[in-house]
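Inside the fold
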Amino acid sequence: MTRPQSSGGSPIKDAWDVIAGAMLLAFSLVLLFYLIPQHIGVPPVVQNPMMSPRWLPTIVGWLLLVFALLLMGQGFVMADSDDSGRRFERGPWLRFALMGLALVVYVGLFELLGAILSGILATLLLFIAHPVRTWWVYSLAIAFPLGVTLLFTEVMNVPLPTLPF
């Protein structure tokens, strides 16, 4: 993949890192200061801010903001060169199609099949998209969705559709 070359006097050494960081920074600001306050309500019975439905999205938004700033800073400090190990290669189109299908399966079947089954199907599609050669790793396609669903439902008390029956 070709990368834009910065001019000799420009302080930007890697324009793509700065562009990607700026886009992520804008998204994190919209998330933190518009989407979360406007669309995630806090019930009046919540006494601890860590039990609020806004807590986890806010943490994710601030982490995204910090990493966006770090990515932009990297674009000003580190130039991309052929020997830096940061070369991007485009993968096969089937990989992107399977990744998109995994997203559609997870979002589309979440309510119908529940978080566990839709998560297992989506994770299996992701493992197939990125060729996993070790068979025992496919057991993680069951363990991860099950663990994440139990974490959200039992520990964080977030109601999720667990199973269709």
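As the structure is a computational prediction, the values presented were derived from the model and not from experiment. (Residues numbered from 1 in each chain as written. Predicted model: local features only at pLDDT ≥ 70, side-chain atom pairs only at ≥ 80, totals over all residues. Heavy atoms only, no water.)

Thoughts on helix α1 (residues 15-39)
Between its terminal C-alpha atoms α1 stretches 34 Å, which fits the 36 Å expected from 25 residues at 1.5 Å a residue. Roughly 40 degrees is the biggest bend found in α1, and it falls at L31. All buried positions along α1 are accounted for by D17, V18, G21, L25, S28, L31, L32 and I36. Tucked inside the fold, the buried residues of α1 contact α2 (55-77). (Helix = DSSP H or I, 4+ residues; strand = E, 2+ residues; numbered from the N terminus. Expected span 1.5 Å × (residues − 1). Bend = angle between axes of the 7 residues up to and from the residue. Buried < 20%, exposed > 50% of the residue type's maximum accessible area, 1.4 Å probe, protein only. Contact = heavy atoms within 4.5 Å.)

Examining the packing of aromatic side chains
Each aromatic ring pair is summarised here by two numbers: the centre-to-centre distance and the angle between the ring planes. A full pass over the atoms with the stated rule returns four aromatic pairs. Judged by centre distance (6.2 Å) and plane angle (90 degrees), the rings of F33 and W62 are edge-to-face. Linking F33 in helix α1 with W62 in helix α2, this pair joins segments that are 29 residues apart in sequence. Residue W62 is classed as partly exposed on the basis of its relative accessible area, which comes to 41%. Among the aromatic residues, ring-to-ring pairing joins F127, W135 and Y138 into one connected group. (Phe/Tyr/Trp six-rings, centres within 6.5 Å; stacked < 30°, edge-to-face > 60°.)

Structural notes on a nonpolar patch on the surface
Taken together, M50, W55, L56, I59, V60, L63, V66, F67 and L70 make up a surface patch of nonpolar side chains, about 810 Å² in accessible area. With respect to the helices and strands, the residue L70 is situated in helix α2. (Patch = residues over 30% accessible without salt bridge, like charges linked within 9 Å, V, L, I, M, F, W, Y side chains within 5 Å. Areas by Shrake-Rupley, 256 points an atom, 1.4 Å probe, with all protein chains shown as cover. Salt bridge = Lys/Arg side-chain N within 4 Å of Asp/Glu carboxyl O.)

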